[in-house]
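Each chain, written out:
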Amino acid sequence: MWFWSADSVEQELFDLYAPALRTAGVNFSDEQLQETLEAASLGLEDAFRSGIVAIRSRQLNHQRIT
């Protein structure tokens, strides 16, 4: 995102996982989410993966995602 430099590991991870997360309904325009991402770098890939798994699991179980 704009708060990470273009050649940073965080930006590379974001570029890799953001399309799947957007498809799953994650709104990266949300200010609170942006603040959280800006503060987080340690464990960022695990967080992205966990988010995808949780969303997909809920979708498969037909649960409402909030």
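Throughout what follows, the structure given in this document is the object of discussion. (Residues numbered from 1 in each chain as written. Predicted model: local features only at pLDDT ≥ 70, side-chain atom pairs only at ≥ 80, totals over all residues. Heavy atoms only, no water.)

Section: the packing of helix H1 (residues 9-23) against helix H3 (residues 44-60)
Worth spelling out the cut-off: Axes here refer to lines fitted to C-alpha atoms; in helices the fit is confined to the stretch in contact. Angles between the N-to-C directions go from 0 to 180 degrees. Counting from the N terminus, the helices are DSSP H or I runs at least four residues long and the strands are E runs at least two residues long. Any angle that falls under 35 degrees is termed roughly parallel, while one over 145 is termed roughly antiparallel, one within 65 to 115 roughly perpendicular, and all others oblique. Whether two residues are in contact is decided by their heavy atoms, any of which lying within 4.5 Å being enough.
Contact pair H1 / H3: the axes reach a minimum separation of 10 Å and the direction vectors enclose 5 degrees. Judged on the interaxial angle alone, H3 and H1 are roughly parallel. Each of Glu10, Leu13, Phe14, Tyr17, Ala20 and Leu21 in H1 lies in contact with H3, whose residues at this interface are Leu44, Glu45, Phe48, Arg49, Gly51, Ile52 and Ile55.

So, the nonpolar core
Applied cut-off: We define a nonpolar core as any set of buried Ala, Val, Leu, Ile, Met, Phe, Trp, Tyr and Cys residues linked to one another through side-chain atoms lying within 4.5 Å. In this scheme, a residue with accessible area under 20% of its type's maximum is buried, one over 50% is exposed, and one in between is partly exposed, where area comes from a 1.4 Å probe on protein chains only.
Core analysis: the biggest nonpolar cluster contains eleven residues, these being Trp4, Leu13, Phe14, Tyr17, Ala18, Leu21, Phe28, Leu37, Leu44, Phe48 and Ile55. Those elements that place two or more of their residues in this core are H1 and H3. The element that contributes the greatest number of residues to this core is H1, accounting for five residues.

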